[in-house]
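Below, each chain spelled out in residue letters.
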Amino acid sequence: LEKKGKKVADIKDVTTCEATGRMLEKARRDGVVVAFDRAADMKPCPIGAESACCKMCYMGPCRLNARDPYGKVGVCGATIDTIQSRNLARMVASGSAAHNDHGMAVLELFKGVANGTITDYTIKDPYRLEALCVELGLEIEGKTIQEMALDLAEELEKTYTQTEGEIPFMKRVPAKTLETWRKLDIVPRGAMIEVMGIMSRTHMGCDQHYENITKAISKTALADGWGGSMVATELGDIMFGTPSPVQADVNFGVLKEDHVNVIVHGHEPNLFESMLVSVSDPALVQIARDKGAKGINLVGMCCSGAEMMSRHGVPHAGNFMSTEPVLVTGAVDAMAVDIQCIQQGLVKTAECYKTHLITTNPRCHIEGARHIEFEEHSPRECTDEIVTLAIARFANRGVDIEIPQIVNKGIHGFSHEYINYMLGGSFRSSYAPLNDNIINGRIRGVAGVVGCVNPRVKQDWVHVELVKELIKNDVLVIQTGCSQIALAKAGLTVPEAAHLAGPGLREVCEAVGMPPILGLGSCVDNTRILTAATAMVNQGGLGDCLADLPVAGAAPEWMSEKAVAIGQYFVASGVYTVFGVGFPTVKDTKFHNLLFGGLEEQGLGKWGVTKDPYEMAAMMIAHIDKKRKELGIDK
Ligand code: SF4
Ligand code: MSK
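Residues numbered from 1 in each chain as written. Chains lettered and ligands numbered in written order. Predicted model: local features only at pLDDT ≥ 70, side-chain atom pairs only at ≥ 80, totals over all residues. Heavy atoms only, no water.

I'd like a rundown of the overall build of the protein, residues and numbers included.
Along the protein, the regular secondary structure elements total 25 helices and 16 strands. Computed over its C-alpha atoms, the radius of gyration of the protein comes to 24 Å, within 12% of the 26 Å expected for a compact globule of 635 residues. With the C-alpha coordinates aligned to their principal axes, the bounding extent of the protein is approximately 65 × 65 × 50 Å. Here the protein, with 635 residues, has 63% of them falling under the buried criterion. (Helix = DSSP H or I, 4+ residues; strand = E, 2+ residues; numbered from the N terminus. Rg over C-alpha atoms; globule rule 2.2 N^0.38 Å. Buried < 20%, exposed > 50% of the residue type's maximum accessible area, 1.4 Å probe, protein only.)

Describe the pairing of strand β10 (residues 408-412), and please don't skip the residues or the numbers.
Burial of β10 is extensive: four of the five residues sit out of reach of the surface. With five bridges joining them, strand β3 (residues 246-250) and β10 adopt antiparallel strand pairing. Following the sheet pairing, V246 is matched in β10 by H412. (Pairing = 2+ DSSP bridges.)

Residues and numbers for the environment of R38, please.
If you trace the backbone, R38 turns up in helix α3 (residues 35-41). Of the residues examined, R38 reaches a relative accessible area of 34% and is grouped as partly exposed. Note: C-alpha distance between R38 and C341 (303 residues apart in sequence) is 16 Å. R38 has contacts with V33, E324, Q343 and G345, leaving out every residue within four places of it along the chain. (Contact = heavy atoms within 4.5 Å.)

Give a description of the site of ligand 1 that names residues and reports values.
The local shell around ligand 1 consists of C54, M56, C57, M59, G60, C62, G74, V75, C76, A78, R86 and M204. In terms of residue class, the shell around ligand 1 is built from nine nonpolar, two polar and one charged. (Near = heavy atom within 4 Å. Nonpolar A, V, L, I, M, F, W, Y, C, P; charged D, E, K, R; others polar.)

Can you lay out the site of ligand 2 for me, pointing to particular residues and giving the numbers?
Taken together, the neighbourhood of ligand 2 is formed by H267, C302, C303, F320, C341, G451, C452, C482, C523, M559, S560 and K562. Here ligand 2 occupies the second largest cavity. Broken down by class, the residue content of the shell around ligand 2 amounts to eight nonpolar, three polar and one charged. In this structure, the shell around ligand 2 is formed jointly by two domains, domain 3 (246-394) and domain 4 (413-631), each of which donates at least three residues. (1 Å grid on protein atoms, 1.4 Å probe; cavity = no way out; pocket = protein on both sides within 12 Å on 5 of 7 lines; lining within 4 Å. Sits in = over half its atoms within 2 Å of the grid points. Domains from an automatic or database assignment.)

Describe the packing of aromatic side chains, listing the residues and the values that go with them.
Centre-to-centre distance and the angle between the planes together describe a pair of aromatic rings. The tally for this structure, following the rule as stated, stands at nine aromatic pairs. The interplanar angle of 85° and the centroid separation of 6.1 Å between the aromatic rings of W461 and Y614 together place this pair among those described as edge-to-face. With W461 in helix α19 (residues 461-472) and Y614 in helix α25 (residues 613-631), this pair connects stretches of sequence that are 153 residues apart. Of the residues examined, W461 reaches a relative accessible area of 30% and is grouped as partly exposed. (Phe/Tyr/Trp six-rings, centres within 6.5 Å; stacked < 30°, edge-to-face > 60°.)

Residues and numbers for the nonpolar core, please.
Within the largest apolar cluster, 161 residues are counted, with the highest numbers of intra-cluster contacts made by L152, W181, W226, L235, I296 and L470. Per-element tally for this core: the top contributor is helix α10 (residues 210-240), with 15 residues. Setting aside residues up to four positions removed in sequence, L470 forms contacts with A447, V449, V475, V477, A617, M620 and I621. (Core = buried A, V, L, I, M, F, W, Y, C linked by side-chain atoms within 4.5 Å.)

Explain the side chain of R397 to me, and be specific about the residues and the numbers.
The residue R397 is located in the loop between α16 (379-394) and β10 in this model. Overall, R397 belongs to the buried group, its relative accessible area being 9%. A distance of 2.9 Å separates a polar atom in the side chain of R397 from a polar atom in the side chain of D333. Beyond its immediate stretch of four places on either side in the chain, R397 contacts K256, E257, H259, V260, N261, A331, D333 and K354. (Polar contact = N/O pair within 3.5 Å; in protein donor to acceptor, adjacent residues only side chain to side chain.)

Describe in detail the sheet that holds strand β12 (residues 475-479), supporting the description with residues and values.
Pairing is parallel in the open sheet, where six strands are placed in the order β13-β12-β11-β14-β15-β16. On the outer flanks of this sheet lie β13 (517-519) and β16 (607-609), each paired with one strand and no other. Adjacent strand axes in the sheet meet at a mean angle of 25°, parallel and antiparallel pairs treated alike. Where α19 meets the sheet, it contacts β11 (445-449), β12, β13 and β14 (551-555), and its direction lies at approximately 145° from that of β12. (Axes fitted to C-alpha atoms, helices over the stretch in contact; angles between N-to-C directions.)

So, empty space enclosed by the protein: which residues are in play, and what are the values?
Taken as a whole and assessed by the stated rule, the structure comprises five cavities of 30 Å³ or more. There is about 300 Å³ of room inside the largest cavity. What lines the largest cavity is a set of 29 residues, and nearest its centre among them are G448, I478, I529, A552 and F570. Contributing elements (two or more residues each) for the lining of the largest cavity: β11, β12, α22 (527-539), β14, α23 (561-573) and β15 (576-579). Residues of the lining of the largest cavity, tallied by class, amount to 23 nonpolar, six polar and no charged. Of the voids in this model, the second largest cavity is the one considered here, and its volume is about 100 Å³. (Points joined across faces, edges and corners; volume = space filled by probe spheres on them.)

Go over the pairing of strand β4 (residues 260-265), please, and point to the residues and values.
Across the six residues of β4, six count as buried, placing the element largely inside the fold. The side-chain alternation of β4 yields two buried faces, one formed by V260, V262 and V264 and the other by N261, I263 and H265. The pairing of β4 with strand β5 (residues 296-301) spans six bridges and is classified as parallel. Its bridge partner being in β5, V262 is matched across the sheet by L298. Here β4 pairs with strand β7 (residues 334-337) via four bridges, running parallel. From the neighbouring strand, V262 faces β7, where its bridge partner is A334.

Lay out the layout of surface pockets with the relevant residues and their values.
Volume-wise, the largest pocket comes out at about 1,100 Å³. Taken together, 34 residues make up the lining of the largest pocket; nearest its centre are G48, A49, E50, W558 and P584. Counting only elements with at least two residues in the lining of the largest pocket, the list comes to α3, α4 (46-49), β1 (53-54) and α5 (80-115). Considered class by class, the residues forming the lining of the largest pocket number 18 nonpolar, seven polar and nine charged.

I'd like to hear about the packing of α5 against helix α9 (residues 191-201), residue by residue, with values.
Between α5 and α9, the least distance of the axes is 9 Å, while the angle of their chain directions is 155°. The orientation of α5 relative to α9 falls into the category roughly antiparallel. α9 is crossed by α5, and the crossing has left-handed handedness. Contacts between α5 and α9 involve A89, R90, A93, S96, A97, N100 and M104 on the former and, on the latter, A191, M192, V195, I198 and M199. Classifying every residue of the contact of α5 with α9 by side-chain character gives nine nonpolar, two polar and one charged. (Parallel < 35°, antiparallel > 145°, perpendicular 65-115°, else oblique. Left-handed = near helix turned anticlockwise from the far one by under 90°.)

Give a description of unusual backbone geometry that names residues and reports values.
In the segment running from G60 into P61, the intervening peptide bond is cis, with an omega of 0°. Relative to the assigned elements, P61 resides in the loop between β1 and β2 (62-63). In this model, C302 sits at a positive phi of 55°, which is unusual for a non-glycine residue. The residue C302 is located in helix α13 (residues 302-312) in this model. A residue is classified by how much of its surface remains accessible, and C302, at 1% relative accessible area, is buried. Notably, D474 is not glycine yet its phi reads approximately 65°, a positive angle. Mapping D474 onto the fold places it in the loop between α19 and β12. Given the relative accessible area of 15%, D474 is considered buried.

Shape is all these values report; function is a separate question.
Structure below.
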C-alpha cells in the first residue's frame, strides 16, 4: 500500500493484541494487506458516520449538514430526525434479522432432532427442556422427551411467524417491564412481521415521525433479544449442553505447527459440533498421522468459537479483527466459516498463505472461496471433506510458519443457571448471593461488557481498560462475544484476577473462587444477561422491573448492525447502554435526545456514547450509583 502512496496502519496504534501485532509485522514483510491497513486507507464518510444522509429514494441521495442539522431537508422534505431514525431502524432491522435468521435455523435443527429426521445431534439437557416447557406454560404431564420437544418447537416457532399477539418469551419478562412495553405498544408480535414492518415504514414517503419510528425500532430489537436470540441460546443449550465453568486456552499459541490446524469461524454451533466429531474420527486422525501430523487441532474464532469455548473448552485463537492475522501464521490448514462477521478480505489472505477458506452456509457464499454446503441431515459429509482438505494442505504447506507462542488460560462458560448455582442456588440465599451482595454494597452493580472489535479503535484496548476500571470499582462484569476474548487474552478471566477488583468484589470472588469477569458465550448469548437480570428482579430486593436494577451495558468497540440491535434491546429492556467508537446520530437533534434521554423518561433505558474507556466506566458507575440511590441501598 505504502508504495502505491496509500496509508498503512501503524501497528502499535491499532492493536494491543501482541500476537495480532506480530502477524501484522509479518504481513508487511510478506506484502499482505489486512483490514487494519484497509481501515487506515479508508477514511469514514463524516456525513454517513453521523447518519445525516439518506438514500431511501433516487431523488437523492440527500446529504444534510450535521453541523447545521435543521438548516436543510431532503428533496422530499425529510428532516434530519426522519433521516437518522429511518437509518437506525434499518440497522436494527438488519441486526435483528441476522439473529432471528440464525435462531430460526437453530429451531429447524431442533425440530429435526425432535422428530427424528436429524440424527447427528441429540437432546443433551432434558431437564432444561422440561423447565423451559413449564416456564412457557406447556403441558408436560405424561409426555415423553420427544413429545415435549415437539410441543416446544411448535410454541417457539411463533417467535418468528406469529403476526399478532406477543412472542412466547414475553412470559419471561418481569411483569412491570412488560406492562411498560404494553403501554408503549412495543411488545413484539413476531420477528418476521416486525422486520418487515421496519422495511415497509422506512420506505420513502411512509413513516416520517421519529417517535413512531423509534417505537418500531424498540419492537424489532426486542424481537431479537427476547425472540430469535433467546430461542437460539435456549435450544442450543438443550441440544448441546448448558455451559458450566470450563478452562480454555486462548490466543494464537493454540495453533500447533506439528498438527493439522482447522479453524471454525462464524456463529452457528452445528457446524462446529460436527467438526468436533470429524476431527476426533480415528480414521481421519490416522490419515493425518500418515501424512506426518501429530494429530488434528480444532480451534475456534469469533462467536461460534466463543460459544464452543464456553460450552466445551475448545481452544480459541482470537476475536473478529484477528481472523485475517491468524492466517498470516501460515499454520492454518483450513478455515471453515458459516455466517456473520466473515470478512471478504479473508479470501485474499487465505490465498496468500495457501489456506483453504471454505464457506459452508447457503446464506454466505464468498466470491473466490470454496463452498462446501453443510447439511444437517448429513453434516459429516461437509466437515469430513474440510478435514480431508486440511490434511492435504498440511502435507503440502509450502509456506513459512510462524506462530506467536502466546496462550492465555482462563475460565469460561458461566451460563445464567450456573451464576445462580454458584452464588448460592438462589440470588437471595444466605451464601454469597448476588442480590444480597449488591444490597450490602460488596458488589456495587453489574455491567455487561460485550460486542465487537473495530479497527477504528485500538483492538481490545477499550474493552480491557473499561473492564479493569469497572472491577476496580466493585462492579461485577459479565461478558460475551469478541469482548470476552479480549479479556481472556489480557489474562483476566481467571479467579486470580480478583486482586484487580475493589475490596468488596474481591471478597465475593475469593469466597466463591470465581473471576471478577464472567464469560457467557457468543453475541447471541447476550440473552443470558437478560435472563440473569430477570432472575435478579424476581429474587427481590432490587426493584420490580429491569430498569430499576443497578446495571449498565457497553459495547466499547462495536461495529456491526447486530450490535446496534443488541444495544437497542438492552435500552428498551431498561438498561443504560454505552457505545464506544461513535454513534450514528447527530448530537442534540430530537431523535438523538430521545435515544439518549427521552426513552429513560418513558421507563426504558437510554444510550450513551464515548470513545474513552475511563469516561465510559465513570458514566456506567454513575448510573449504577443513581439506581442504588433510587433503591435506597446507597449507604
Ligand atoms: Fe432524499 Fe427524501 Fe429520497 Fe431520502 S427519501 S433520498 S431524503 S428525497
Ligand atoms: S462476532 S457481531 S464482531 S461480537 Fe459475534 Fe464479534 Fe461483534 Fe461479530
